[in-house]
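Descriptive analysis of the structure
Letter by letter, the chains look like this.
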Amino acid sequence: MNAEDPGRIVLLTASHRVAPGLLSWPAWRTLHAADRVLCAEQDHPQLPYLREAGVGVEHCAPTAQELVDACAGGRSVVVLTGGEGSGPLTDGLARLAGSGRVQMPDLELLPGSYDLPGARLLDLVQVMDRIRVECPWTSQKTHKGLAKYAIEEAYELVEAIEDGDRDELREELGDVLLQVVFHARIAEEAEDEPFSVDDVAATLVEKLIHRHPHVFGDETAETPEDVHAHWLRTKAIEKQRDSVTDGVPLGQPGLALAAKLAGRVRTAGLDVALPTGDGIGYELLALAVRAEQDGVDPEAALRAAGRAYRDAIRAAEGNG
């Protein structure tokens, strides 16, 4: 070792969302080559795996100056930190470096593991588990008691999409996701046929793979129309419906219901005359069917007109 060499400090981080012990090869290589490996946490999740791999770990929480001194003579010291780094220690090292009075070791932040896409969903599940147990309001909610919120959040998401507000869109997507996780958490507690959020995700994954044979199987689809045809054929086999109206929720908004029924009729190639009668309802039904035939979403069209009407009202109020 060179007495003039200030050495090297490696701050090793690891994501708590990845199973302990699943470290990258650079991390393992650095750990085995280090002169010392330090960790302030006695219950750090990586410790059992490091010891099993023959890496000696010292339990200590050095100050910045002590860490610099430990690297003197060209030594390499690895510090195991939490997933977000080690704030006080890095701040202290920054102050020492800024003072100009200390010959600083090389400093490296080495991620030992990385979050995979979707890793923050694990945090969401953990938070939901905790508030379901500890929150007086959350712990009492049932599927029926939450049903109205699912509808409200869906409408707010549509509004964010139509307004083009990206920040609002991100937040509203989170609110819709909360409804899924919340209902799945409640379902875990059922005495009969309980299921978890993992079961929900597994069912969805299976459905998506099955309904996309052009992606995961041997079929081909060159156009969106080909994909839609695949989708309809697969759904027909899965559902084995007695009527084209099966599975159409009657509780959805009236225009959306009318358009959905019209779409089912058109796809099935049926010739069904519209019911006639006096009243605005039948007129709205005819308009919704015509919109669907023209490729227009009547709900979206009416909302757009409603926003224009709202703007006109606001303008009139301002001119008053």
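Let me sum up the structure you'll find in this document. (Residues numbered from 1 in each chain as written. Predicted model: local features only at pLDDT ≥ 70, side-chain atom pairs only at ≥ 80, totals over all residues. Heavy atoms only, no water.)

1. Looking at the overall build of the protein
Per the secondary structure count, the protein includes 13 helices and 5 strands. Relative to a compact globule of 320 residues, whose C-alpha radius of gyration would be 20 Å, the protein shows 30 Å and is clearly more extended. The dimensions of the protein, computed from C-alpha atoms along their principal axes, are 95 × 60 × 45 Å. Taking contacts inside the protein between residues at least 6 apart in sequence as the whole, the part at least 24 apart equals 63%. For the protein, the accessible area works out to roughly 21000 Å², and carbon and sulfur atoms hold 55% of it. Measuring between centres, the 31 positive side-chain charges of the protein sit 1 Å from its 54 negative side-chain charges. (Helix = DSSP H or I, 4+ residues; strand = E, 2+ residues; numbered from the N terminus. Rg over C-alpha atoms; globule rule 2.2 N^0.38 Å. Contact = heavy atoms within 4.5 Å. Areas by Shrake-Rupley, 256 points an atom, 1.4 Å probe, with all protein chains shown as cover. Lys, Arg positive; Asp, Glu negative; His and termini not counted. Charge placed at Lys NZ, Arg CZ, Asp CG, Glu CD.)

2. Notes on the sheet that holds strand S1 (residues 8-13)
Overall, parallel pairing links the 5 strands, which are arranged S3-S2-S4-S1-S5 in an open sheet. In this open sheet, the two strands that pair with only one neighbour each are strand S3 (58-59) and strand S5 (106-111). One ladder, built from 5 bridges, connects S1 with strand S4 (residues 76-80); its direction is parallel. Within the sheet, the bridge partner assigned to Arg8 lies in S4 and is Ser76. (Pairing = 2+ DSSP bridges.)

3. Some thoughts on a negative patch on the surface
Residues Glu152, Glu156, Glu159, Asp163, Asp165, Glu168 and Glu171 make up a contiguous surface patch of negative charge. Among the elements that take part in the negative patch, helix H6 (residues 143-163) stands out by supplying 4 residues, more than any other. With respect to the secondary-structure elements, Asp163 resides in helix H6. (Patch = residues over 30% accessible without salt bridge, like charges linked within 9 Å, V, L, I, M, F, W, Y side chains within 5 Å. Salt bridge = Lys/Arg side-chain N within 4 Å of Asp/Glu carboxyl O.)

4. With respect to the packing of helix H11 (residues 254-268) against helix H12 (residues 280-293)
The interhelical angle for the contact between H11 and H12, taken along N-to-C directions, is 55°, at an axis separation of 8 Å. Judged on the interaxial angle alone, H12 and H11 are oblique. Taken as a pair, H11 and H12 cross one another with a handedness that is right-handed. Of the residues in H12, those in contact with Leu255, Ala258, Ala259, Ala262, Gly263 and Arg266 of H11 are Leu284, Leu285, Ala288, Val289 and Glu292. Of the residues that constitute the contact of H11 with H12, the class distribution is 8 nonpolar, 1 polar and 2 charged. (Axes fitted to C-alpha atoms, helices over the stretch in contact; angles between N-to-C directions. Parallel < 35°, antiparallel > 145°, perpendicular 65-115°, else oblique. Left-handed = near helix turned anticlockwise from the far one by under 90°. Nonpolar A, V, L, I, M, F, W, Y, C, P; charged D, E, K, R; others polar.)

5. What to know about the side chain of Glu299
You can see Glu299 is positioned in helix H13 (residues 298-319). Apart from the residues within four sequence positions on either side, Glu299 is in contact with Pro253, Gly254, Leu255 and Ala256.

6. Quick notes on the pattern of salt bridges
Counted by the stated rule, this structure contains 15 salt bridges. A salt bridge links Arg185 to Asp129, with the shortest nitrogen-to-oxygen separation between them at 2.9 Å. You can see Arg185 sitting in helix H7 (residues 166-187) and its partner Asp129 sitting in helix H5 (residues 120-134), a full 56 residues away along the chain. The class of Asp129 is partly exposed, set by a relative accessible area of 30%. (Buried < 20%, exposed > 50% of the residue type's maximum accessible area, 1.4 Å probe, protein only.)

7. Focus: the packing of aromatic side chains
A complete count under the given rule lists 1 aromatic pair for this structure. When the centroid spacing of 6.2 Å and the interplanar angle of 70° are considered together, the rings of Trp137 and Tyr149 count as edge-to-face. With Trp137 in the loop between H5 and H6 and Tyr149 in helix H6, this residue pair connects regions lying 12 residues apart in the sequence. With relative accessibility at 45%, the residue Trp137 sits in the partly exposed group. For Tyr149, a relative accessible area of 22% puts it in the partly exposed group. (Phe/Tyr/Trp six-rings, centres within 6.5 Å; stacked < 30°, edge-to-face > 60°.)

8. A word on the pairing of strand S2 (residues 36-39)
Inspection of the sheet shows S2 paired to S4 by 4 bridges, in the parallel sense. By the bridge assignment for S4, Arg36 is matched with Val77. With 2 bridges connecting them, S2 and S3 associate as parallel partners. Counted as the bridge partner of Cys39 is His59 from S3. Each parallel crossover has a hand, and the one from S2 via helix H2 (residues 47-52) to S3 is right-handed. (Right-handed = clockwise from strand over helix to strand, strands pointing away.)

9. Thoughts on H6
Compared with the 30 Å implied by 1.5 Å per residue over 21 residues, the 30 Å span of H6 between its first and last C-alpha is a close match. Of the positions making up H6, those classed as buried are Leu146, Glu153, Leu157 and Ala160. Viewed along the axis of H6, the buried residues span an arc of 60°, placing them on a single side of the element. For H6, the exposed residues lying more than 90 degrees away from the buried face are Lys144 and Ile151. On its buried face, H6 is in contact with H7. Backbone geometry just after H6 places Gly164 at a positive phi near 75°. (Expected span 1.5 Å × (residues − 1). Arc of directions from axis to C-beta.)

10. A word on unusual backbone geometry
We note that Glu193 has phi near 50°; this positive angle belongs to a residue other than glycine. In this structure, Glu193 sits in the loop between H7 and helix H8 (197-210).

11. Comments concerning helix H1 (residues 25-33)
When we look at burial in H1, the residues that qualify are Ala27, Trp28, Thr30 and Leu31. The arc enclosing the buried residues of H1, seen along the axis, measures out at 165°, which places them on a common side. Exposed side chains of H1 directed beyond 90 degrees from the buried face belong to Trp25 and Ala33. Where H1 is buried, its residues contact S1, S2, H2, S4 and S5.

Limitation: the analysis is restricted to geometry and does not speak to function.
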